[in-house]
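# Observations on chain architecture
Here is how the chains run, residue by residue.
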Amino acid sequence: MTRTYLVTGAASGIGRATADLLRAQGHAVIGADVKDGDISADLSTAEGRTELVARACELTGGRLDAVVSCAGIAHFDPLTIKVNHFGAVATLEGLRPLLAAGTDPRALAVGSIDAVHPTDPAIVDAALAGDEEAAVAASQAAVDRGEGHLVYASSKAAVSRWIRRAAVTADWAKAGIPLNAVGPGVVVTPMTQALLDDPAMLELVERSVPMPLHGHARPEQIAPLIAWLTSPDNTHVTGQVVFADGGADAVLRGDRTW
């Protein structure tokens, strides 16, 4: 059965690999990105988020079967919380009415193993409260005190926690829409390539994200998990962050999550 998907961040990395896989499976895919997409929208801005939803309505006639929120950045900058959390939440919330009109609707965001790393509570709390201004201010404060690395981890932790909260509500679970996240480990993409090419940074990456099973992943190795979680075959998995991390979460947290 052909389904209609919308994938953000579809111009590169995991988003592109996911869109390519879904198309190869025979599905219709609307790719969105800041440029070079069927929809061009800057998800760091309110205007871009509104544009995404408006264009999606135009292109789909008001119905979608699945949404994959993959757009993300990893800068030591408040822009990261704007895209990774607020852009993702706006995508999922804004397109939820289109999913409600679809068949076997599913939704997913791409998180990160970094969500289990240290975070800045001020950033996370403001994000979960929906206060973008406060989250941006807390992110800038982290950058100013030399802890800009906390912004990315905080953005991924916040969106993962938002998914846990939202998934079981009437808007999602009672509407029959599974809502999940995947948490990749290190994936070789344009966003990470420069780090991996630097021997000193590579050593740091491998210490912070140990991946005993097969090492670093390619985007094409994450895409099948996303495709399954957003397929009709997934009837009961919801509110989960499914780590595709080569064992990094198990190394870093052991059995403490049980």
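Analysis parameters
Residues numbered from 1 in each chain as written. Predicted model: local features only at pLDDT ≥ 70, side-chain atom pairs only at ≥ 80, totals over all residues. Heavy atoms only, no water. Helix = DSSP H or I, 4+ residues; strand = E, 2+ residues; numbered from the N terminus. Rg over C-alpha atoms; globule rule 2.2 N^0.38 Å. Buried < 20%, exposed > 50% of the residue type's maximum accessible area, 1.4 Å probe, protein only. Contact = heavy atoms within 4.5 Å. Areas by Shrake-Rupley, 256 points an atom, 1.4 Å probe, with all protein chains shown as cover. 1 Å grid on protein atoms, 1.4 Å probe; cavity = no way out; pocket = protein on both sides within 12 Å on 5 of 7 lines; lining within 4 Å. Points joined across faces, edges and corners; volume = space filled by probe spheres on them. Nonpolar A, V, L, I, M, F, W, Y, C, P; charged D, E, K, R; others polar. Core = buried A, V, L, I, M, F, W, Y, C linked by side-chain atoms within 4.5 Å. Axes fitted to C-alpha atoms, helices over the stretch in contact; angles between N-to-C directions. Parallel < 35°, antiparallel > 145°, perpendicular 65-115°, else oblique. Salt bridge = Lys/Arg side-chain N within 4 Å of Asp/Glu carboxyl O. Polar contact = N/O pair within 3.5 Å; in protein donor to acceptor, adjacent residues only side chain to side chain.

This brings us to the overall build of the protein chain. When helices and strands are tallied, the protein chain shows eleven helices and seven strands. Against the 2.2 N^0.38 benchmark of 18 Å for 258 residues, the protein chain shows a C-alpha radius of gyration of 17 Å, consistent with a compact globule. Dimensions of the protein chain, computed from the C-alpha atoms along their principal axes, are close to 50 × 40 × 40 Å. Buried residues in the protein chain amount to 50% of all 258 residues. Expressed as a percentage of contacts within the protein chain between residues at least 6 apart in sequence, the contacts between residues at least 24 apart total 75%. When the accessible surface of the protein chain is split by element, carbon and sulfur atoms take 54% of a total near 11,600 Å².

Approximately 1,400 Å³ is the volume attributed to the largest pocket. Looking at the largest pocket, it is lined by 50 residues, and the ones nearest its centre are I73, A74, Y152, M191 and T192. At the level of elements, α1 (13-24), β2 (28-33), α3 (79-100), α6 (149-167), α8 (190-197) and α9 (199-208) are the ones that each hand at least two residues to the lining of the largest pocket. Tallied by class, residues from the lining of the largest pocket come to 30 nonpolar, 16 polar and four charged.

Ranked by size, the top nonpolar core spans 41 residues in total, and within it L6, I39, L92, L95, W162, W172 and L179 carry the most contacts. Breaking this core down by element, the ones donating at least two residues are β2, α2 (46-60), α3, β5 (106-110), α4 (121-128), α5 (132-144), α6 and β6 (179-184). When residues of this core are assigned to their parent elements, the largest contribution, eight residues, is made by α3. Excluding residues within four positions of it along the chain, W162 makes contact with H85, V89, L92, E93, L128, W172 and L179. In this structure, A10, L108, V187 and L229 belong to the second largest nonpolar core, which totals 19 residues.

A separate point is the side chain of S112. For S112, the position within the fold is in the loop between β5 and α4. If near-sequence neighbours (up to four positions away) are discounted, S112 is found in contact with Y152, K156, V182, G183, P184 and F243.

Moving on: the packing of α8 against α9. Where α8 contacts α9, the axes come no closer than 5 Å and their chain directions differ by 110°. In terms of their interaxial angle, α8 and α9 are classed as roughly perpendicular. Side by side, α8 and α9 meet where L195, L196 and D197 of the first sit next to P199, M201, L202 and V205 of the second. Taken together, the residues of the contact of α8 with α9 break down into six nonpolar, no polar and one charged.

What follows is about the pattern of salt bridges. Across all of its chains, the model carries ten salt bridges by this definition. We note a salt bridge from D171 to R96, for which the minimum N-O separation is 3.9 Å. Pair noted here: D171 is in helix α7 (residues 170-174) and R96 is in helix α3, with a separation of 75 residues, a long-range link. The partner of D120 in a salt bridge is R145, and the shortest N-O contact between them spans 2.6 Å. In this pair, D120 sits in the loop between β5 and α4 while R145 sits in the loop between α5 and α6, placing the two residues 25 residues apart along the sequence.

Once that is clear, we can look at the side chain of N180. Among the secondary structure elements, N180 is positioned in strand β6. Given the relative accessible area of 0%, N180 is considered buried. Among the polar contacts made by the side chain of N180, one reaches the main-chain amide nitrogen of G239 at a distance of 3.2 Å. At 3.0 Å, the side chain of N180 and the backbone nitrogen of Q240 are in polar contact.

Functional significance is not addressed by these values, which are geometric in nature.
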